[in-house]
Amino acid sequence: MYVDPRWVIVVLGSAAAFGSLSPLVYARRFSFFAASLPHSALLSVTLGYVLSLSAGGHPAAWAVALSLPPSALLIYFLHSGVSVDSATSAFVSFSVAGSVAAMYYVLTNYPARVSLWSYILGDPLLAGWDDALLVVAVAVPTCALAAYTYMEEMSIGLDAESAAASGVRVRLHDYLLALLLTVVAVSLLKAVGFTIEHVVMLLPGAIAARLARSARAFFALSLASSLASGAAGLALSLMVNLAPAAAIGFVLLAIYVASLLAGGGR
Amino acid sequence: MRGESPSIEVDHLSFAYSGEDLVVRDTSLSIEGPGLVTMLGPNGSGKTTFFKLLLGILRPLSGRVLLNGEDVTGNPLRASVHASYVPQLSAVRRDLPMTAAEAVESALPRRLRSRSRALEALEMVGAADLADRRLSAMSGGQLQRVMIARALARGTPIVLMDEPFSGIDPRGREGIAELVEELARTRLIVLSTHDPVLTLSRSKLVVIFNRGVRAVGRPQDVYKLELLREAYGPGVLLIEKCLHVVG
């Protein structure tokens, strides 16, 4: 069985990025945001593709630049007192409608050099060296930043007011986490696909929360389960000719069910 | 900083979350430590909001907050040098995978963050044996001690405790009250409670609060029927004999 190093880099790099962010999503109760991000990412990637063809520049750079303002605006509305349900509904509605319109426009007006299907289903097996480099360029700082801010995020998750009273800039951390999740979601959309992206962002943290007996174990287990599902999912997809993103999703689900049955950590 | 005595000064403070419904109405207060100050007030009277104003987490519509003589109005970073906060237990996320030591560590500034410092703080509250226990595996009383340790670890001279007896069994409450009394020997501790019996005899001052300070003074001067009815309404009864479950 041939295994291209680019596939391994893309899958494990993505797994590392998502696995390091997932415990923060769980701790900060950002699952509403993480679950809606793939919609925004799809819109940004599609528009980024259009702008790169018409104005030049790298499509990924355009995508990231376009994705940040809506995410920042969502956090701003939440800080201004808009309810989570209302703000998320507006965010998702805008992203969904916008991405459908953008995809229709691209598919009918531009001869696509890369199929949009790879962004919807995710296909790391189509990754070139530039894709692998992008994943590494995103994953390494993401893991580092997630680890560096981890205890502050856990402190906020435990109780935001006592964290603020201890000198943590809670609002700044809200923006930082939201924007980091956005950059990762947009940059790695091609690797994992729109359909499965929220799964890889949410499940590792949920798995680790059931098993971990400490905050440090929580982070380590989330990362480990994400990397394990990435590696096992890639191997499974090659062995049985299954879409890699699907295989990764199934492996993550199996690990989650196993953690439920183990009943550990609680 | 005014000498070495911790102090809280509030000058004509007013606050509303929205519109004109003032949650704190033109309130002034001046208290100096060390010692224990008990704050009484019904639900929805603005006690937690008042604490957040003292901590700079909320910015008032008007007025100033001074901690140890420094203006910290609307500035949580500046306030954090002087005061720490123990939240209501109901607000604490117990399901988070975190040990007691980590809960304390996470409240420390990065340059001071260490397990040994966390253990010192847990030792202060008699919870060193809980250091590696997960928060979800603790009783209410145990968790409250950890949250107090979390506030103490930062070494601030002022500690605000928001209903520290809520959700704790009677024996646990007595233990917390004894702990707070001990800590108040060297710090200014302001706590809000619905159960003044535990802290009245231990307090140097009582503040009666309902959308502002209604009365402040020594327990024997302030804990009176007419003043309490002013804050709580007519539902305050004077009963000659009452039953307490102490464990």
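Reference entry: report on the structure contained in this document.

Parameters at a glance
- Residues numbered from 1 in each chain as written.
- Chains lettered and ligands numbered in written order.
- Predicted model: local features only at pLDDT ≥ 70, side-chain atom pairs only at ≥ 80, totals over all residues.
- Heavy atoms only, no water.
- Helix = DSSP H or I, 4+ residues; strand = E, 2+ residues; numbered from the N terminus.
- Expected span 1.5 Å × (residues − 1).
- Buried < 20%, exposed > 50% of the residue type's maximum accessible area, 1.4 Å probe, protein only.
- Contact = heavy atoms within 4.5 Å.
- Axes fitted to C-alpha atoms, helices over the stretch in contact; angles between N-to-C directions.
- Parallel < 35°, antiparallel > 145°, perpendicular 65-115°, else oblique.
- Left-handed = near helix turned anticlockwise from the far one by under 90°.
- Nonpolar A, V, L, I, M, F, W, Y, C, P; charged D, E, K, R; others polar.
- Buried area = accessible area lost by both parts, 1.4 Å probe.
- Salt bridge = Lys/Arg side-chain N within 4 Å of Asp/Glu carboxyl O.
- Pairing = 2+ DSSP bridges.
- Core = buried A, V, L, I, M, F, W, Y, C linked by side-chain atoms within 4.5 Å.
- 1 Å grid on protein atoms, 1.4 Å probe; cavity = no way out; pocket = protein on both sides within 12 Å on 5 of 7 lines; lining within 4 Å.
- Points joined across faces, edges and corners; volume = space filled by probe spheres on them.
- Patch = residues over 30% accessible without salt bridge, like charges linked within 9 Å, V, L, I, M, F, W, Y side chains within 5 Å.
- Areas by Shrake-Rupley, 256 points an atom, 1.4 Å probe, with all protein chains shown as cover.
- Phe/Tyr/Trp six-rings, centres within 6.5 Å; stacked < 30°, edge-to-face > 60°.
- Lys NZ or Arg CZ within 6 Å of the ring centre and 35° of its normal.

Details of helix α6 (residues 170-183) of chain B
All names here are of chain B. For α6, with 14 residues, the first-to-last C-alpha span of 20 Å sits near the 20 Å given by 1.5 Å per residue. Those residues of α6 lying buried are G172, G175, I176, A177, L179, V180 and L183. The inward-facing, buried residues of α6 contact β3 (35-40), α4 (115-124), α5 (140-152), β7 (158-162) and β8 (188-193).

Here's the deal with the packing of helix α1 (residues 5-27) of chain A against helix α7 (residues 150-158) of chain A
Residue and element names in this part refer to chain A. Between α1 and α7, whose axes approach to 8 Å, the crossing angle comes to 20°. Comparing the axis directions of α1 and α7 gives the class roughly parallel. Classified by chirality, the crossing of α7 by α1 is left-handed. Of the residues in α7, those in contact with P23, L24 and A27 of α1 are Y150, E153, M154 and G157. Residue composition of the contact of α1 with α7, grouped by class: five nonpolar, one polar and one charged.

Remarks on the environment of D174(A)
All names here are of chain A. In this structure, D174 sits in helix α9 (residues 170-187). A relative accessible area of 10% means that D174 is categorised as buried. Considered as a pair, D174 and W7 are 167 residues apart in the sequence and their alpha carbons are 33 Å apart. Residues within four places of D174 in sequence aside, it is in contact with R28, F30, I75 and H79.

Some thoughts on the interface of chain A and chain B
Listed as interface residues are 30 residues of chain A and, on the opposing side, 30 residues of chain B. Interface area, chain A with chain B, both sides summed: about 2600 Å², of which 54% is carbon and sulfur. The interface formed by chain A and chain B includes five salt bridges. With its nearest N and O atoms 2.9 Å apart, the salt bridge here joins E152(A) to R113(B). The dominant element in the side of chain A that touches chain B, judged by the number of residues it contributes, is α7(A), at six residues. Of the residues assigned to the side of chain A that touches chain B, the class counts are 13 nonpolar, eight polar and nine charged.

Looking at the environment of L40(B)
Residue and element names in this part refer to chain B. Looking at the secondary structure, you find L40 in strand β3. Separated by 170 residues in the primary sequence, L40 and N210 have C-alpha atoms spaced 8.5 Å apart. With residues up to four places along the chain from it excluded, the contact list for L40 reads K47, T193, P196, V206, V207, I208, F209, Y223, L228 and Y232.

Things to note about unusual backbone geometry
Cis geometry is found at the peptide bond from G33(B) to P34(B), where omega equals 0°. The topology assignment puts P34(B) in the loop between β2 (22-32) and β3. Positive phi, close to 55°, is recorded for R29(A), a residue that is not glycine. As for its position among the elements, R29(A) is in the loop between α1 and α2 (31-55). At N68(B), a position not held by glycine, the phi torsion is positive, near 50°.

Quick word on the pairing of strand β4 (residues 62-67) of chain B
Residues and elements named next belong to chain B. Strand direction decides the pairing type here: strand β1 (residues 7-16) and β4, joined by five bridges, are antiparallel. Note that in β4 the partner of E9 across the bridge is L66. Following β4, the chain reverses through two residues before pairing antiparallel with strand β5 (residues 70-71); N68 in that reversal takes a positive phi of roughly 50°.

Section: the nonpolar core
Counting 109 residues, the largest nonpolar core has F33(A), L181(A), L122(B), V146(B) and I148(B) as its most contacted members. Of the residues forming this core, the biggest block, 10 residues, is contributed by α1(A). Apart from the residues lying within four places of it in its own chain, the contact partners of F33(A) are S71(A), L74(A), F91(A), A178(A), L181(A) and T182(A). Within the second largest apolar cluster, 30 residues are counted, among which are I31(B), L54(B), L55(B) and L160(B).

Considerations on empty space enclosed by the protein
Residues and elements named next belong to chain A. One pass over the full model with this rule turns up two cavities of 30 Å³ or more. Lining the largest cavity are 16 residues; nearest its centre among them are V11, A15, V192, V200 and I248. Of all the elements in the fold, those that place two or more residues in the lining of the largest cavity are α1, α10 (189-192), α12 (215-240) and α13 (244-262). A per-element tally of the lining of the largest cavity places α1 first, with five residues.

Some points on a nonpolar patch on the surface
Residues and elements named next belong to chain A. A cluster of nonpolar side chains, M1, V3, V8, L12, L227, M239, V240, L242, F250, L253, V257 and L261, forms an exposed patch at the surface whose accessible area comes to about 1100 Å². When contributions to the nonpolar patch are tallied by element, the ones reaching two or more residues are α1, α12 and α13. No other element matches the four residues that α13 contributes to the nonpolar patch. Within the secondary structure layout, L12 lies in helix α1. Residue classification places L12 among the partly exposed residues on the basis of a relative accessible area of 32%.

Here's the deal with the sheet that holds strand β9 (residues 205-209) of chain B
The pairing of strands in a sheet comes from backbone hydrogen bonds and takes either a parallel or an antiparallel form. Residues and elements named next belong to chain B. Reading across the sheet, the six strands line up as β6-β7-β8-β3-β9-β10 and stay open at both edges, with mixed pairing between neighbours. Sheet topology places β6 (83-86) and β10 (213-217) at the edges, where each strand pairs with a single neighbour. Adjacent strand axes in the sheet meet at a mean angle of 15°, parallel and antiparallel pairs treated alike. Bridge count for β3 against β9 is four bridges, and the pairing is parallel. Note that in β9 the partner of M39 across the bridge is V207. Contacting β3, β6, β7, β8 and β9, helix α1 (residues 47-54) crosses the sheet at an angle of about 155° to β7. Contacting β6 and β7, α5 crosses the sheet at an angle of about 165° to β6.

A closer look at the packing of aromatic side chains
If you walk through the whole model with that rule in mind, you get 11 aromatic pairs over all chains. Consider the rings of F51(B) and Y85(B), whose centres lie 6.5 Å apart with planes at 80°: the pair is edge-to-face. Highlighted residues: F51(B) in helix α1 and Y85(B) in strand β6, separated in sequence by 34 residues. Each member of the pair F51(B) and Y85(B) is classed as buried. Among the aromatic side chains, those forming a connected cluster through ring pairs are F30(A), F32(A), F33(A) and F91(A). Of note, R110(B) hangs over the ring of Y148(A), and the distance from its end group to the ring centre comes to 3.7 Å.

Note that every value here comes from positions in space, so none of it alone points to a role or purpose.
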